[in-house]
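Coordinate inspection notes
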Amino acid sequence: NGANGDISSFPDMKSPRSLVAKYVTKEMWEKYHEHKTATSGFTLGQAIACAVQFDNQHVGLYAGDWDCYKDFSEIFDPIIQEYHGIKPDAKHTSDMDFS
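Since the structure is predicted, the reported quantities are computational estimates derived from the model, not experimental observations.

Re the overall build of the protein
If you tally the helices and strands in the protein, you get six helices and zero strands. Based on the C-alpha atoms only, the size of the protein along its principal axes is roughly 60 × 30 × 20 Å. Counting over 99 residues, the protein shows a buried share of 34%. In the protein, of all internal contacts separated by at least 6 residues, the share reaching a separation of at least 24 is 56%. When the accessible surface of the protein is summed, it comes to about 6,900 Å², and 52% of that surface belongs to carbon and sulfur atoms.

As structure tokens, then:
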């Protein structure tokens, strides 16, 4: 929750050096804080709760369901990319040939 339990206000991050603190800007918060995913009604506030509540988070972001990756992609994508050291245009390839 934001200040004084108001979920509409920008949250005070207890993990200010987390990737969430870097990418969840006031602009991103304003854009997404009221959105709920279709699958489970998960919110951005729930996704970033660890970075808000704890002071030891490196990433601080958790997806409550698959929709989080799509619905909050402007936040999830750069965090995932930075954490894993991949470029935005990277493509995942699979080689299932075990021989």
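What to know about the packing of aromatic side chains
By the definition in use, this model includes four aromatic pairs. Aromatic side chains Tyr-32 and Phe-72 sit 5.8 Å apart centroid to centroid with 85 degrees between the ring planes, which places their arrangement in the edge-to-face category. Taken together, the residues Tyr-32 in helix 2 (residues 26-32) and Phe-72 in the loop between helix 5 (67-71) and helix 6 (73-84) connect sequence positions 40 residues apart. You'll find Tyr-32 and Phe-72 in the same group, each marked buried. Where Phe-72 meets Phe-76, the ring centres are 6.5 Å apart and the plane angle is 20 degrees; that geometry is what we call stacked. Members of the aromatic cluster, connected to one another through ring pairs, are Tyr-32, Trp-66, Tyr-69, Phe-72 and Phe-76.

Rules behind the numbers
- Residues numbered from 1 in each chain as written.
- Predicted model: local features only at pLDDT ≥ 70, side-chain atom pairs only at ≥ 80, totals over all residues.
- Heavy atoms only, no water.
- Helix = DSSP H or I, 4+ residues; strand = E, 2+ residues; numbered from the N terminus.
- Buried < 20%, exposed > 50% of the residue type's maximum accessible area, 1.4 Å probe, protein only.
- Contact = heavy atoms within 4.5 Å.
- Areas by Shrake-Rupley, 256 points an atom, 1.4 Å probe, with all protein chains shown as cover.
- Phe/Tyr/Trp six-rings, centres within 6.5 Å; stacked < 30°, edge-to-face > 60°.

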